[in-house]
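In case you want the letters, here they are:
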Amino acid sequence: PAVHCALGCFLCHIKHDLDGAQDSFSRAVQLAPSDLDPLTSYGLFLEMRADRDSARLLLRRALQVAPMDMEALWNLANFLHRSDGDYAGAERCYRAMLSRNRGDDDALVAYVDLLRQLGLV
């Protein structure tokens, strides 16, 4: 799966072959459906391609696989906030991040940004 993930990143970012990248990421997830890296990489790739339903599914699955992983939580929070418009879900993620690490400046800034966007601060 790691080779397919790396190939997907290369095809996407270097060769700009989005169809090839999608095939590589998809294959990585097929080979390792419970591996955090392929789930996250493919989810973020699909977010970039505006396939929000599939991206949401993969990013949520990544968090289920690794519920304590801060990066998985961050990726889901940002997706829900910036791409999906699920502000309640994003708020839950940001709060979970801050409850685990009160000194997480990135999470705090993103959470305050969300609250501003909602007119709450």
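Okay, so let's go over this structure. No experiment lies behind these values; they were computed from the predicted model shown.

## Considerations on the nonpolar core
Item 1. The biggest cluster of nonpolar side chains holds 34 residues, and the ones touching the most others in it are Tyr 42, Phe 45 and Tyr 94.
Item 2. Counting residues per element, the ones that place at least two in this core are α1 (2-13), α2 (18-31), α3 (36-48), α4 (52-65), α5 (70-84), α6 (87-100) and α7 (105-117).
Item 3. No other element matches the six residues that α5 contributes to this core.
Item 4. Every residue in contact with Phe 45, bar those within four places of it in the chain, is listed here: Cys 12, Leu 18, Ala 21, Gln 22 and Phe 25.

## Re the pattern of salt bridges
Item 1. Under the defined criterion, the tally for this structure stands at seven salt bridges.
Item 2. With its nearest N and O atoms 3.7 Å apart, the salt bridge here joins Asp 84 to Arg 52. With Asp 84 in helix α5 and Arg 52 in helix α4, the pair connects residues that are 32 residues apart, well separated along the chain.
Item 3. Judged by relative accessible area, Arg 52 falls into the partly exposed class, the value being 41%.

## Structural notes on a nonpolar patch on the surface
Item 1. Together, Leu 7, Phe 10 and Ile 14 make up a nonpolar patch on the protein surface, roughly 270 Å² of accessible area in all.
Item 2. Inspection of the secondary structure assignment puts Leu 7 in helix α1.

## Quick look at α1
Item 1. In this model, α1 (twelve residues) spans 16 Å end to end at C-alpha, consistent with the 16 Å of a helix rising 1.5 Å per residue.
Item 2. Of the surrounding secondary structure, the elements contacted by the buried residues of α1 are α2 and α3.

## Some thoughts on the environment of Gln 117
Item 1. For Gln 117, the location among the structural elements is in helix α7.
Item 2. Sequence separation of Gln 117 and Arg 60 is 57 residues, and the distance between their C-alpha atoms is 23 Å.
Item 3. A distance of 2.7 Å separates a polar atom in the side chain of Gln 117 from a polar atom in the side chain of His 81.

## Re the packing of aromatic side chains
Item 1. Applying the stated criterion to the full structure yields four aromatic pairs.
Item 2. On the numbers, 6.3 Å between centres and 50° between planes, the contact of Tyr 94 with Tyr 111 is tilted. Of this pair, Tyr 94 sits in helix α6 while Tyr 111 sits in helix α7, placing them 17 residues apart in sequence.
Item 3. According to the relative accessible area criterion, Tyr 94 is buried, its value standing at 0%.

Each value, and the rule that gives it
Every chain's residues receive numbers from 1 upward, in the order its sequence appears when written. It should be noted that, the model being predicted, local features are given only for residues of pLDDT at least 70 and side-chain atom pairs only at 80 or more, the latter also being counted only at that level, while totals for whole chains, interfaces and linings use all residues. Note that the side-chain values use all heavy atoms of the structure and ignore hydrogens as well as water. By convention a nonpolar core is built from buried Ala, Val, Leu, Ile, Met, Phe, Trp, Tyr and Cys residues, the set being connected through side-chain atoms within 4.5 Å. With a 1.4 Å probe rolled over the protein chains alone, any residue whose accessible area is under 20% of its type maximum counts as buried; one over 50% counts as exposed, and the rest are partly exposed. We count a stretch as a helix when DSSP gives it H or I for four or more residues in a row; a strand needs E for two or more, and each element gets its number in order from the N terminus. Only heavy atoms matter for contacts: two residues are in contact if any of them lie within 4.5 Å across the pair. What counts as a salt bridge is simple: a side-chain nitrogen of Lys or Arg found within 4 Å of a carboxyl oxygen of Asp or Glu. Grouping into patches uses exposed residues only, defined as over 30% relative accessible area, and leaves out salt-bridged ones; the cut-off is 9 Å for like charges and 5 Å for nonpolar side chains (Val, Leu, Ile, Met, Phe, Trp, Tyr). Note on areas: Shrake-Rupley with a 1.4 Å probe; residue coverage comes only from the protein chains shown. Residue count minus one, scaled by 1.5 Å, sets the expected span of a helix. Definition of a polar contact: a pair of N or O atoms within 3.5 Å, with one able to donate and the other able to accept a hydrogen when the atoms are protein atoms, and with sequence-neighbouring residues admitted only if both atoms are side-chain atoms. Working definition: a ring pair exists when centres of Phe, Tyr or Trp rings (six-membered ring for Trp) sit within 6.5 Å. Plane angles under 30 degrees give stacked, over 60 give edge-to-face, the rest tilted.

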